[in-house]
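# Structural overview
One-letter residues, chain by chain:
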There are 6 protein chains.
Amino acid sequence: MQEQNKGLSQTVDRLSEESSYRQLFHSYRDGEAMPSGEQLKKIVDLCRAILFPGYYGNARISKQTIRYHTGVNIETLHSLLTSQIYAGLCFSDLDCETCPEEKIFAEAEKLSEAFIETLPELRRVLATDAEATFHNDPAAKNAGEIIFCYPGFRAIVNYRIAHELFLLNVPFIPRMITEMAHSENGIDIHPGAVIGDHFTIDHGTGTVIGETSVIGNYVRIFQGVSLAGEKILPDEKGNVARGIPRHPVLEDHVTVYSNATLWDGSGSAGGNDLWQCLGHPGCACGRNSQTIVFN
Amino acid sequence: MQEQNKGLSQTVDRLSEESSYRQLFHSYRDGEAMPSGEQLKKIVDLCRAILFPGYYGNARISKQTIRYHTGVNIETLHSLLTSQIYAGLCFSDLDCETCPEEKIFAEAEKLSEAFIETLPELRRVLATDAEATFHNDPAAKNAGEIIFCYPGFRAIVNYRIAHELFLLNVPFIPRMITEMAHSENGIDIHPGAVIGDHFTIDHGTGTVIGETSVIGNYVRIFQGVSLAGEKILPDEKGNVARGIPRHPVLEDHVTVYSNATLWDGSGSAGGNDLWQCLGHPGCACGRNSQTIVFN
Amino acid sequence: MQEQNKGLSQTVDRLSEESSYRQLFHSYRDGEAMPSGEQLKKIVDLCRAILFPGYYGNARISKQTIRYHTGVNIETLHSLLTSQIYAGLCFSDLDCETCPEEKIFAEAEKLSEAFIETLPELRRVLATDAEATFHNDPAAKNAGEIIFCYPGFRAIVNYRIAHELFLLNVPFIPRMITEMAHSENGIDIHPGAVIGDHFTIDHGTGTVIGETSVIGNYVRIFQGVSLAGEKILPDEKGNVARGIPRHPVLEDHVTVYSNATLWDGSGSAGGNDLWQCLGHPGCACGRNSQTIVFN
Amino acid sequence: MQEQNKGLSQTVDRLSEESSYRQLFHSYRDGEAMPSGEQLKKIVDLCRAILFPGYYGNARISKQTIRYHTGVNIETLHSLLTSQIYAGLCFSDLDCETCPEEKIFAEAEKLSEAFIETLPELRRVLATDAEATFHNDPAAKNAGEIIFCYPGFRAIVNYRIAHELFLLNVPFIPRMITEMAHSENGIDIHPGAVIGDHFTIDHGTGTVIGETSVIGNYVRIFQGVSLAGEKILPDEKGNVARGIPRHPVLEDHVTVYSNATLWDGSGSAGGNDLWQCLGHPGCACGRNSQTIVFN
Amino acid sequence: MQEQNKGLSQTVDRLSEESSYRQLFHSYRDGEAMPSGEQLKKIVDLCRAILFPGYYGNARISKQTIRYHTGVNIETLHSLLTSQIYAGLCFSDLDCETCPEEKIFAEAEKLSEAFIETLPELRRVLATDAEATFHNDPAAKNAGEIIFCYPGFRAIVNYRIAHELFLLNVPFIPRMITEMAHSENGIDIHPGAVIGDHFTIDHGTGTVIGETSVIGNYVRIFQGVSLAGEKILPDEKGNVARGIPRHPVLEDHVTVYSNATLWDGSGSAGGNDLWQCLGHPGCACGRNSQTIVFN
Amino acid sequence: MQEQNKGLSQTVDRLSEESSYRQLFHSYRDGEAMPSGEQLKKIVDLCRAILFPGYYGNARISKQTIRYHTGVNIETLHSLLTSQIYAGLCFSDLDCETCPEEKIFAEAEKLSEAFIETLPELRRVLATDAEATFHNDPAAKNAGEIIFCYPGFRAIVNYRIAHELFLLNVPFIPRMITEMAHSENGIDIHPGAVIGDHFTIDHGTGTVIGETSVIGNYVRIFQGVSLAGEKILPDEKGNVARGIPRHPVLEDHVTVYSNATLWDGSGSAGGNDLWQCLGHPGCACGRNSQTIVFN
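Predicted model only: the values in this text are computed from it and were never measured.

It is common to report an interface's size as the accessible area lost on association of the parts. Contact residues are listed per partner, giving 52 residues for chain C and 48 residues for chain A. Across the chain C/chain A interface, buried area totals approximately 4300 Å², and carbon plus sulfur atoms make up 60% of it. Remark: the boundary between chain C and chain A carries one salt bridge. Between Arg67(C) and Asp13(A) there is a salt bridge, with the nearest N and O atoms lying 2.6 Å from each other. Elements represented by at least two residues in the side of chain C that touches chain A include exactly α3 (37–51), α4 (66–92), α5 (101–117), α6 (119–136), α7 (143–149) and α9 (173–185) of chain C. Residue contributions to the side of chain C that touches chain A peak at seven residues, all from α4(C).

See below:
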């Protein structure tokens with residue numbers, strides 16, 4: 001019988017010492033599961049299948065049968081989403097060892113239902129995004145193309161789903177859903193950003209929209225644009241104030257061209273800051289306005 | 001027997017109303033299929049296996065057997081590509097309810113064959129790209145490394161495949177093929193761009209090359225570079241003129257360094273514009289030339 | 001029986017001519033395999049499971065059982081990594097037709113063991129990265145979130161694994177491992193870069209850290225940042241000098257904000273160059289300041 | 001570059017000669033596909049999910065949602081079954097090179113619909129089989145057990161599905177469906193057999209029920225039972241008469257115990273033969289008794 | 001938009017009427033799942049990997065590492081088996097709507113642990129079966145062959161696992177585990193049968209060993225053998241007595257040759273019946289001989 | 001942090017003691033692999049695709065392209081088969097710790113080539129089996145049906161492949177290949193049996209053909225038939241003589257009907273025994289008749 005290499009054995013021992021893994025160890029409670037990227041992908045795919053009937057899920061759909069498909073999809077979505085929200089609630093609250101599981105599960109179920117009730121409104125807003133993208137892109141032949149495979153539109157769908165979950169205070173899951181789009185398309189929108197209708201992202205790789213950004217209607221953003229946070233200085237105790245708006249506000253009909261960085265170098269958050277638009281003269285940046293407005 | 005939650009039922013009803021889904025609904029004709037990202041991935045992989053024998057598809061290939069492998073791969077490629085082009089033709093022409101399917105299918109078959117006949121020339125040009133990338137990257141040990149896994153070279157392969165299909169007026173599919181590279185490597189080249197041989201992309205994430213860009217031979221482009229379109233103003237009726245060249249022209253031997261944005265702010269397309277190179281003094285931009293030339 | 005299309009047959013013939021494929025052909029030696037992206041993904045996943053017990057691999061782990069899990073994972077890692085290093089050694093040295101396979105395999109086994117012995121130290125350093133990321137991101141609720149799904153942290157893990165393999169002179173594999181993170185998150189760190197502890201990447205898409213970059217402790221880098229190489233001019237014989245440091249050196253506690261390009265336009269490598277920070281006034285570049293220091 | 005082994009090359013040549021493969025070659029017409037065992041498995045699984053709601057397909061079903069699930073399943077079944085029947089029609093009629101594809105497809109669609117309309121009656125009869133199996137097996141705790149996993153019942157479901165398709169003159173597919181049960185459970189029922197309600201098969205491995213068998217209601221059959229065909233002697237021209245009933249007829253309430261072979265050795269088909277029950281005295285064979293009756 | 005076929009719609013309606021599905025409907029309680037054949041396959045595979053280290057699971061095992069592998073496998077087995085036993089308990093007790101889930105789950109966990117504690121003894125007995133099979137089969141070169149792929153031995157492993165679960169009164173799961181072997185190898189052993197050590201099944205297809213069979217040590221059984229139950233007549237109220245031994249008892253060192261049916265035609269269960277051995281003169285049946293003995 | 005259950009820990013300890021696993025442990029040598037059922041399935045599928053072009057592998061094949069397909073398939077078969085034969089050689093000779101790997105591998109390669117050279121003859125014989133099956137089955141519409149999905153024919157293909165490997169003295173693999181058919185169709189033919197051309201198996205479940213059986217041309221066998229071995233008595237030292245013919249010899253044109261057991265009860269192997277045909281009067285057994293003849 002072969003002997004295991006001694007060096008490997010010693011490494012196993014060192015890695016198994018509590019002092020080594022203490023900081024990087026995750027201990028489950030019974031019945032818990034980690035949120036799953038794979039499950040969240042299924043959830044987003046189900047949302048697409050529900051919102052855009054006929055484009056996803058390879059199904060032939062007719063007036064008679066749309067109700068069957070929607071019914072089955074909603075039910076499956078409810079079940080998958082409940083279990084992911086449940087996992088998110090557990091993971092975000094690791095120390096709550098006394099919370100009864102049933103209570104957390106019931107909460108997850110309620111949140112899942114609340115999200116599903118936003119789907120009709122979500123569909124309405126996404127229709128405006130698809131329409132705006134179609135009008136802005138001379139290459140597009142029909143709106144179907146945009147719905148089916150434009151990366152900017154795909155990222156917006158993920159963001160809008162994540163934003164609704166964010167508004168419901170679902171922890172952890174919204175961020176994972178926008179990270180999915182970030183990984184797929186290089187577009188990084190924080191689920192907390194507030195974005196109006198008729199929104200367009202063109203090309204998009206490298207675009208970052210920060211947590212407290214506020215974006216109006218009919219806004220169009222190109223690749224490499226950063227709606228970056230103001231630099232918030234810690235107070236004398238070294239604590240960073242949280243929850244203060246620290247990202248740009250874009251009014252209606254603004255276009256931000258490629259690789260522009262919107263930035264407030266003043267060092268103090270909030271207020272009537274001097275936002276600068278770096279890197280692109282096509283942006284009418286650098287005006288001393290409270291928001292950033294383009295004609 | 002359990003009752004379904006009432007809220008869910010009502011959401012199903014709202015989502016099944018025609019007024020809700022009308023704008024976002026895709027209705028197939030019989031015999032149609034949507035183009036499939038999965039199938040297109042197989043198609044690009046087959047092209048790689050044909051163009052670079054021995055690198056892809058895990059096959060041992062010898063002088064005697066290369067004909068067997070090429071024969072089988074060409075045949076499979078022909079069959080898969082025909083069906084995807086067929087799907088693309090259907091999807092791009094949704095209203096053509098009277099087109100006979102057979103005619104569309106025959107057209108797809110012809111286009112698929114025409115593409116396959118470009119493969120020998122495609123291989124010749126890609127050999128120059130691999131060679132140029134090898135010469136430009138001191139870290140590379142042999143050309144095999146570049147062919148096998150350089151992200152910039154992978155993106156160029158997708159672009160060159162897509163460009164040939166674009167020249168054949170295949171709708172929809174070319175864009176999906178360059179989007180695959182965009183998603184994988186963050187490099188967004190429009191299939192319509194015209195790019196010479198010995199082309200190199202280094203790092204590449206965030207690089208955008210627009211539809212009417214024209215790029216000479218021996219050009220090298222770094223990450224974050226935008227060959228962005230000129231801003232085309234709509235005419236008095238609000239229509240945007242289409243098909244006018246609106247992107248930069250790079251002559252032979254140009255290098256565009258990282259994060260440079262090539263941009264024409266004049267507001268009028270075509271002609272002898274003042275292109276500006278934003279963000280990078282290493283680019284000899286901003287000269288009033290018809291093209292952009294670097295030493 | 002159907003006839004094959006003549007055009008296809010001729011294309012098969014042309015692609016099977018030696019003159020056509022000579023430059024783009026990979027010929028295996030017996031017993032060789034190509035390095036496999038799929039296997040490398042498993043290897044990185046195994047490293048994560050070992051380094052961060054309980055977060056990956058869906059396993060419940062307790063004090064009693066951590067040794068079982070670590071033992072099995074180390075063993076599997078050893079076996080997979082050995083075969084990938086072996087493939088890398090073969091691929092990087094294609095002409096060595098006389099090397100005895102056994103010798104190469106034994107070398108691969110030794111390198112695999114050497115890498116595994118660095119895992120405890122790797123875990124220690126990654127704990128500082130996770131801690132720094134947590135302190136820098138006000139949105140993070142606990143360090144678990146960072147370990148489990150922050151794209152910047154994921155990219156750092158890939159880099160640190162790849163860097164250890166790079167230090168062991170393993171060819172080819174380190175680059176493939178950092179390319180995996182590049183493709184997933186748009187963050188491109190060369191395995192040769194030297195990076196201190198408490199390192200943070202925020203958002204990250206489009207960030208490039210070149211081969212000879214040296215980065216101190218407590219450094220924080222945002223999206224779209226390029227630590228680009230100096231332009232190295234070839235000597236009179238047209239050869240580019242290799243191995244000379246040509247990328248920026250960042251001292252401890254530096255922050256580089258979004259879309260900044262660190263760049264030395266002097267045209268001569270090494271020495272006390274005037275680095276310029278392009279595209280972002282928030283970077284106090286080129287100055288011997290507390291924020292960013294170049295030697 | 002390696003040379004391929006000469007022996008292999010010669011074998012390839014010999015196998016590629018037309019004289020070698022002529023008898024064993026299948027040449028498709030355009031647009032044809034072979035029937036697919038994998039697709040037929042999906043079809044049978046869909047039928048189970050429709051017929052026994054809640055047992056298959058992992059779905060929670062309630063009074064409100066059963067219509068959604070049934071609607072989606074029926075539609076998917078219709079689509080899959082149509083394409084398999086189409087493949088079966090093509091495969092069974094290889095020489096019909098002039099048949100218009102559209103006509104064959106329309107025929108397949110009609111047959112698929114006709115089959116689906118038998119599902120309610122199929123469910124009714126299968127309920128009697130499940131009930132009978134439950135009554136006959138003292139070990140069963142509830143009917144759910146039988147529906148969910150009794151091999152005999154599974155074989156009966158496949159047979160009843162196949163029999164309906166057989167009655168519609170669908171070629172080839174019915175046999176493949178009963179072969180699936182044969183392979184899974186060792187029970188070989190020809191789709192042409194006529195079997196009454198309340199039918200039970202116990203254990204079942206090795207049981208064979210031939211094409212022209214006729215079985216009454218409330219019949220129970222054990223493992224290893226053969227309802228074998230009479231030996232039909234060819235006429236003077238060496239042709240075997242086809243279509244003549246040549247298998248046993250079992251009346252209502254018959255039980256055939258394990259390993260019994262029902263056999264007519266008279267050598268002449270049809271008529272009031274003396275069937276013998278071989279191998280088991282528990283069968284009151286060959287006698288016009290209450291237990292087993294032959295006409 | 002296409003219309004769905006009317007016939008299909010009507011069938012959906014008929015199948016969705018409660019009167020149609022009432023008898024064949026399975027309604028879950030919350031939190032329940034159906035036992036899963038796929039999970040049970042994983043469970044049996046895990047048992048094999050634990051019992052026969054090195055043969056299954058593709059793992060290199062040494063004296064040092066066997067504990068790691070066993071530890072991880074036991075833990076995974078415990079978790080999977082607990083959830084399947086839980087599913088089995090729920091499914092077998094559908095009406096118990098008031099049982100607290102937690103209590104059922106705790107019961108499942110206890111049963112799973114109790115089963116795992118029998119594994120060392122299970123391994124000991126299976127070693128005798130492997131040894132006996134090796135001695136009885138002149139074609140076998142080493143015991144490894146038997147462990148790795150003899151169908152008879154595989155069926156015995158499934159039976160012995162199932163029998164331990166049967167003894168623990170785990171419902172439903174034991175039967176599913178022996179059915180897996182039945183489907184794979186055509187060997188149908190009821191989990192309730194009592195079988196001594198050094199047991200061999202040769203070829204095996206069609207062999208049936210009934211619920212109350214009792215088999216001694218060193219017994220060898222060939223293909224097609226039925227240890228069939230006596231015919232138990234219902235009492236005057238039509239009820240069949242349950243739990244009475246009704247299958248043969250084989251003493252030590254008995255061999256039952258191919259296709260023999262052991263059968264008691266007396267019509268009364270229990271007692272000192274005259275068993276008959278049908279179909280094979282090689283079996284010294286029905287006689288109180290050294291070879292085959294019935295009580 | 002949770003504690004692992006004590007009982008489980010103790011079981012892990014007991015199962016990890018050498019005295020427990022000694023008999024049931026498989027220790028690999030370096031570089032070894034176990035033969036793999038999955039790989040063998042691929043090998044048999046490749047053989048089918050080569051032997052019956054157009055039926056398997058979903059490929060359109062024409063006169064022009066059959067050479068491409070055959071070439072690629074032969075090459076893949078050669079590579080897969082070599083590695084499985086290599087694994088079989090290692091597994092069957094566990095104690096040969098000093099055999100050089102290279103020598104075993106070269107032997108495997110030679111055997112793989114030798115097998116491949118038998119494929120043209122294998123195809124010729126299988127064509128006679130398909131033809132005979134077609135003539136014997138009045139239900140078959142064309143020979144394609146038999147090739148594509150008759151279970152008896154599938155079993156014969158596996159047997160004939162396995163038999164060629166058996167003749168080459170490949171250990172272990174031939175048996176695994178016939179076991180695959182045994183598991184799929186319940187037909188158990190030992191690879192050592194010698195079977196003439198025009199062979200037919202009808203229904204087949206439970207049919208066993210032993211190792212030294214010799215079967216002539218034009219033989220037809222039904223389900224449940226056992227060509228069982230004579231009972232070989234051990235000599236006074238308890239050793240069973242090996243290699244002596246102990247199974248029936250069937251002459252040309254014999255038909256063996258369902259559930260017949262051919263059996264020699266004389267207790268002495270070889271010679272001119274009195275074979276008995278048990279269970280079926282339709283077999284003219286034991287007599288030196290035209291139908292069934294034993295030597």
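Moving on, there is more to tell.
Next up on the list: the relation of the copies chain C and chain A. Least-squares fitting of chain C to chain A yields an RMSD of 0.0 Å, with the transformation described by 0.0 Å of translation along the axis and a rotation of 120 degrees. Taken together, the rotation angle and the small translation identify this as a three-fold axis. When the interface residues of chain C are mapped onto chain A, a mere 6% of them again fall at the interface, so the copies present different faces.

Here Ile66(F) lies in helix α4 (residues 66–92). For Ile66(F), a relative accessible area of 1% translates into the label buried. Taking C-alpha positions, Ile66(F) is 37 Å from Glu211(F), a pair spaced 145 residues apart along the chain. When residues no more than four places from it in sequence are discounted, the contact partners of Ile66(F) are Ser16(D), Tyr21(D), Phe25(D), Pro53(F) and Ile61(F).

As a further point, take the packing of helix α6 (residues 119–136) of chain E against helix α8 (residues 151–167) of chain E. Residue and element names in this part refer to chain E. Relative to each other, α6 and α8 sit at 155 degrees, their axes nearing to 11 Å. Considering the angle they form, α6 stands roughly antiparallel to α8. For the element pair α6 and α8, the recorded crossing hand is right-handed. Here Leu-122, Val-125, Leu-126, Asp-129 and Ala-130 of α6 come into contact with α8, specifically with Phe-153, Ile-156, Val-157, Arg-160, Ile-161 and Glu-164.

The next subject is the sheet that holds strand β3 (residues 200–201) of chain E. All names here are of chain E. Judged by pairing direction, the sheet is parallel, and its three strands sit side by side in the order β3-β6-β9 without closing on themselves. Each end of this open sheet is capped by a strand with a single partner; those strands are β3 and β9 (255–256). Pairing between β3 and strand β6 (residues 220–221): two bridges, direction parallel. When the sheet's bridge partners are listed, Ile-201 is paired in β6 with Ile-221.

Residues and elements named next belong to chain F. With 13 residues, helix α9 (residues 173–185) should cover 18 Å at 1.5 Å per step; its first-to-last C-alpha distance of 19 Å lies within 8% of that length. The buried fraction of α9 is high, at 10 of 13 residues. Here α9 has its buried residues at Ile-173, Pro-174, Arg-175, Met-176, Ile-177, Thr-178, Glu-179, Ala-181, His-182 and Asn-185. In the segment just after α9, Gly-186 is the residue with positive phi, at about 75 degrees.

Here we come to the pattern of salt bridges. Residues and elements named next belong to chain A. All told, the structure shown has 48 salt bridges over all chains when counted by the stated rule. Between Lys-110 and Glu-107 there is a salt bridge; the shortest N-O distance is 3.8 Å. Pair noted here: Lys-110 and Glu-107 are both in helix α5 (residues 101–116), with a separation of three residues, about one helical turn. Here Arg-160 ties to Asp-129 by a salt bridge, and the two come within 2.7 Å at their closest N and O atoms. Linking Arg-160 in helix α8 (residues 151–167) with Asp-129 in helix α6 (residues 119–136), this pair joins segments that are 31 residues apart in sequence.

Turning next to the sheet that holds strand β8 (residues 249–250) of chain E. Residue and element names in this part refer to chain E. The three strands are arranged β2-β5-β8 in an open sheet whose pairing can be described as parallel. Across the chains shown, the open sheet's two edge strands, defined by having one partner strand only, are β2 (194–195) and β8. Here two bridges tie β2 to strand β5 (residues 214–215), and the two strands are oriented parallel to one another. Note that in β5 the partner of Val-194 across the bridge is Val-214.

This part takes up the state of the cysteines. In total, this model carries zero disulfides over all chains according to the counting rule given. Cys149(C) forms no disulfide, and the closest cysteine sulfur to it belongs to Cys90(A), at a distance of 16 Å. With no disulfide of its own, Cys47(F) lies 19 Å from the sulfur of Cys149(E), the closest cysteine sulfur. Taking the relative accessible area as the measure of exposure, Cys47(F) reaches 0% and is therefore buried.

Here is what the cut-offs are and how they apply
- Residues numbered from 1 in each chain as written.
- Chains lettered and ligands numbered in written order.
- Predicted model: local features only at pLDDT ≥ 70, side-chain atom pairs only at ≥ 80, totals over all residues.
- Heavy atoms only, no water.
- Contact = heavy atoms within 4.5 Å.
- Buried area = accessible area lost by both parts, 1.4 Å probe.
- Salt bridge = Lys/Arg side-chain N within 4 Å of Asp/Glu carboxyl O.
- Helix = DSSP H or I, 4+ residues; strand = E, 2+ residues; numbered from the N terminus.
- Least-squares fit on C-alpha atoms with pLDDT ≥ 70 in both.
- Buried < 20%, exposed > 50% of the residue type's maximum accessible area, 1.4 Å probe, protein only.
- Axes fitted to C-alpha atoms, helices over the stretch in contact; angles between N-to-C directions.
- Parallel < 35°, antiparallel > 145°, perpendicular 65-115°, else oblique.
- Left-handed = near helix turned anticlockwise from the far one by under 90°.
- Pairing = 2+ DSSP bridges.
- Expected span 1.5 Å × (residues − 1).
- Disulfide = S-S within 2.5 Å.

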